[in-house]
Amino acid sequence: MHRVLAPILLALAVMATPAAHAVLPDEVMGDPAKETRARALSRELRCMVCQNQSIDDSEAPLARDLRLLVRERIASGDSDRQVIDFLVARYGEFVLLKPRFERQTLLLWLVPPFVLIVGGLALWMYARRRPGAEAGAPAALTPEEEARLVALMPDDRPSGRS
């Protein structure tokens, strides 16, 4: 019984542990509510070194500096929006993992759906124009194929006589 139960309990314990983050113990704020805000903001900000990772997950020194800056701004009384605006003013829109929908980022948001639609239309038009694209249309046989078919067919067709 213990041999079966032990691996199951170990698997449950591993699945129940939270995901590992790069936040070091000396970065954690004393107030749990402010720490929760800092962690939420850190998940929205891009590590400038890793570029496809949030500063919450990154172990890069610059990510640590940004995490400390976020906590410093929160401790000084800034709202979440003020913290984000400060970092965008300092590092540009690139610091956001999910860019805002604004005039400057309009192409970033609209080009991918446009490309998908145009690509889908192009594939649809290609499929319609392809020869033999009709589902039930039999292909015509060449004279050589017809002669070969006649030679292969047995001559046991009814002759019409009784």
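Each remark here, short or long, concerns the structure printed above.
A short tour of the structure in this document, coming up.

What counts as what
Residues numbered from 1 in each chain as written. Predicted model: local features only at pLDDT ≥ 70, side-chain atom pairs only at ≥ 80, totals over all residues. Heavy atoms only, no water. Phe/Tyr/Trp six-rings, centres within 6.5 Å; stacked < 30°, edge-to-face > 60°. Lys NZ or Arg CZ within 6 Å of the ring centre and 35° of its normal. Salt bridge = Lys/Arg side-chain N within 4 Å of Asp/Glu carboxyl O. Helix = DSSP H or I, 4+ residues; strand = E, 2+ residues; numbered from the N terminus. Buried < 20%, exposed > 50% of the residue type's maximum accessible area, 1.4 Å probe, protein only. Axes fitted to C-alpha atoms, helices over the stretch in contact; angles between N-to-C directions. Parallel < 35°, antiparallel > 145°, perpendicular 65-115°, else oblique. Left-handed = near helix turned anticlockwise from the far one by under 90°. Contact = heavy atoms within 4.5 Å. Nonpolar A, V, L, I, M, F, W, Y, C, P; charged D, E, K, R; others polar. Core = buried A, V, L, I, M, F, W, Y, C linked by side-chain atoms within 4.5 Å.

Notes on the packing of aromatic side chains
At step 1: Here the structure, examined in full by the defined rule, presents 0 aromatic pairs.
At step 2: Over the ring of Phe-86 we find Arg-73, and its NZ or CZ is 3.9 Å from the ring centre.

What about the pattern of salt bridges?
At step 1: In total, this model carries 6 salt bridges according to the counting rule given.
At step 2: One salt bridge connects Asp-56 with Arg-39, and the closest N-O pair in it is separated by 2.8 Å. Here Asp-56, found in the loop between α2 (32-44) and α3 (61-75), pairs with Arg-39, found in helix α2; they are 17 residues apart in sequence, far enough to count as distant. Residues Asp-56 and Arg-39 agree in their burial class; the two are buried.
At step 3: For Asp-85, the salt bridge identified is with Arg-81, shortest N-O distance 3.9 Å. Of this pair, Asp-85 and Arg-81 both sit in helix α4 (residues 80-91), separated by 4 residues, roughly a single helical turn.

Considering the packing of α3 against α4
The angle between the axes and the distance between the axes are what describe a pair of packed helices.
At step 1: It is at 10 Å that the axes of α3 and α4 come closest, and there the two elements cross at 135°. In terms of axis orientation, α3 runs oblique to α4. Where α3 crosses over α4, the handedness of that crossing is right-handed. Of the residues in α4, those touching α3 at Leu-66, Leu-69, Val-70, Arg-73 and Ile-74 are Val-83, Phe-86, Leu-87, Arg-90 and Tyr-91.
At step 2: Residues of the contact of α3 with α4, tallied by class, amount to 8 nonpolar, no polar and 2 charged.

Comments concerning the nonpolar core
Note on soluble globular proteins: their nonpolar side chains tend to be buried together.
At step 1: Leu-45, Ile-55, Val-70 and Leu-87 are the most contacted members of the largest nonpolar core, which has 17 residues in total.
At step 2: Among the secondary structure elements, those contributing two or more residues to this core are α2, α3 and α4.
At step 3: Top element by residues in this core is α3. It accounts for 5 residues.
At step 4: Those residues within four positions of Ile-55 in sequence are excluded, and the remaining contacts are Ser-42, Leu-45, Arg-46, Cys-47, Ala-63, Leu-66, Arg-67 and Val-70.

Remarks on the side chain of Ser-42
At step 1: Residue position: Ser-42 is located in helix α2.
At step 2: The buried category is assigned to Ser-42, whose relative accessible area is 0%.
At step 3: Filtering out sequence-adjacent residues up to four positions away, Ser-42 remains in contact with Ser-54, Ile-55, Asp-56, Arg-67 and Arg-71.

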